[in-house]
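# Breakdown of the fold
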Amino acid sequence: NAGNWRVAGSASVAVFEHDVMTTGKGTGILANLPDDKNRANLLSVNEYGDVEVSFDFMMAGHSNSGFYLQGRYEVQLLDSWGHDQVNFGDCGGVFARRKYAPKEVLFEGHPPRQNACLAPGLWQTMEISFRAPKFDASGKKTANARLVFVRLNGVTVQENVELTGPTGGPISETEAAKGPFMIQGDHGPVAFRNFKIKELGGT
């Protein structure tokens, strides 16, 4: 019942207008249009282990979102167009892990190799190849999760990145063999289309 998510037939933004997206009637596009009262994340019904997923996305100017594998490991979506220097919070980055005691600290973020982000209002493509953490019969983790690659607009921005634990803002700090996709919905307008999901053997 989250009011910020809707199905649309079109989406557009004004390049130099911050956090504004307009949608038109129809189907084929999933749009997040958050406001003060509606800022929910979106989770998939299905859960995935080893998986390859790709999708097109469009950012509004100044907008921020994220795509979480298993609801725990965030690949950042951000309007990073024109950024000369990029960090883990930029588009294609792997967001940092977070610990809170004795004070909040961010660690183990992975910036994209380069800025491959297009301008607000342009459709962009992200491709992700993910390997889930592995566990033995007793439930003890035997291998960390791993991003084989992340490609942004055809450019490899992450390769063979080991994920030692959930990044900031997960559905759970406890890792699992399978989990849902989660799309962050609380930071700004973003639209999606053309999701393609390939589950890999052994999951």
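Further up the page is the structure itself.
We now turn to the structure provided with this report.

## Focus on the state of the cysteines
Summed over the entire model, instances satisfying the criterion amount to zero disulfides. Between Cys-117, a cysteine without a disulfide, and Cys-91, which holds the nearest cysteine sulfur, the sulfur-to-sulfur distance is 4.3 Å.

## Describing the sheet that holds strand β12 (residues 145-152)
In spatial order, the strands read β1-β2-β15-β4-β9-β12-β13; together these seven strands make up an open sheet with antiparallel pairing. Sheet topology places β1 (5-12) and β13 (155-163) at the edges, where each strand pairs with a single neighbour. Averaged over neighbouring strand pairs, the angle between their axes works out to 30° when direction is ignored. Relative to strand β15 (residues 190-199), strand β2 (residues 22-32) runs antiparallel, the two being bridged by three bridges. Its bridge partner lying in β15, Ala-31 is registered against Ala-191.

## Observations regarding the pattern of salt bridges
For side chains of opposite charge, pairing can occur when their charged atoms come near one another. Tallied over the full model, the rule gives six salt bridges. Across the pair Arg-151 and Glu-127 runs a salt bridge whose closest N-O atoms are separated by 4.0 Å. Placement of the pair is Arg-151 in strand β12 and Glu-127 in strand β9 (residues 124-131), with a sequence separation of 24 residues. On the basis of relative accessible area, Arg-151 is assigned to the partly exposed category, the value being 29%. Accessibility expressed as a relative area gives 27% for Glu-127, which makes it partly exposed.

## Details of the layout of surface pockets
Of the volumes computed, that of the largest pocket is approximately 160 Å³. Taken together, Leu-30, Leu-42, Leu-43, Ser-44, Phe-67, Phe-181, Met-182, Ile-183, Phe-195 and Ile-197 make up the lining of the largest pocket. Elements with a contribution of two residues or more to the lining of the largest pocket: β3 (42-48), β14 (179-183) and β15. Along the lines of polarity and charge, the residues of the lining of the largest pocket split into nine nonpolar, one polar and no charged.

## Here's the deal with the packing of aromatic side chains
Under the criterion given, the structure shown has nine aromatic pairs. Each ring, one from Tyr-73 and one from Phe-130, has its centre 5.6 Å from the other, and the planes form 40°; the classification is tilted. Remark: Phe-130 occurs in strand β9 and Tyr-73 occurs in strand β6 (residues 73-78); sequence separation between them is 57 residues. By relative accessible area, which is 1% here, Tyr-73 ends up buried. Taken together, Tyr-48, Phe-55, Phe-57, Phe-67, Phe-181, Phe-192 and Phe-195 form an aromatic cluster joined through their ring pairs. Across from the ring centre of Phe-107, 5.8 Å away, lies the NZ or CZ of Lys-99, which sits over that ring. One residue, Arg-151, lies across the ring of Phe-149, its end atom 3.8 Å from the ring centre.

## A look at the environment of His-18
Structurally, His-18 can be placed in the loop between β1 and β2. His-18 sits 171 residues away from Pro-189 along the chain, and the two C-alpha atoms are 9.5 Å apart. Excluding residues that lie within four positions of it along the chain, His-18 makes contacts with Gly-61 and His-62.

So, how was this worked out
Residues numbered from 1 in each chain as written. Predicted model: local features only at pLDDT ≥ 70, side-chain atom pairs only at ≥ 80, totals over all residues. Heavy atoms only, no water. Disulfide = S-S within 2.5 Å. Pairing = 2+ DSSP bridges. Helix = DSSP H or I, 4+ residues; strand = E, 2+ residues; numbered from the N terminus. Axes fitted to C-alpha atoms, helices over the stretch in contact; angles between N-to-C directions. Salt bridge = Lys/Arg side-chain N within 4 Å of Asp/Glu carboxyl O. Buried < 20%, exposed > 50% of the residue type's maximum accessible area, 1.4 Å probe, protein only. 1 Å grid on protein atoms, 1.4 Å probe; cavity = no way out; pocket = protein on both sides within 12 Å on 5 of 7 lines; lining within 4 Å. Points joined across faces, edges and corners; volume = space filled by probe spheres on them. Nonpolar A, V, L, I, M, F, W, Y, C, P; charged D, E, K, R; others polar. Phe/Tyr/Trp six-rings, centres within 6.5 Å; stacked < 30°, edge-to-face > 60°. Lys NZ or Arg CZ within 6 Å of the ring centre and 35° of its normal. Contact = heavy atoms within 4.5 Å.

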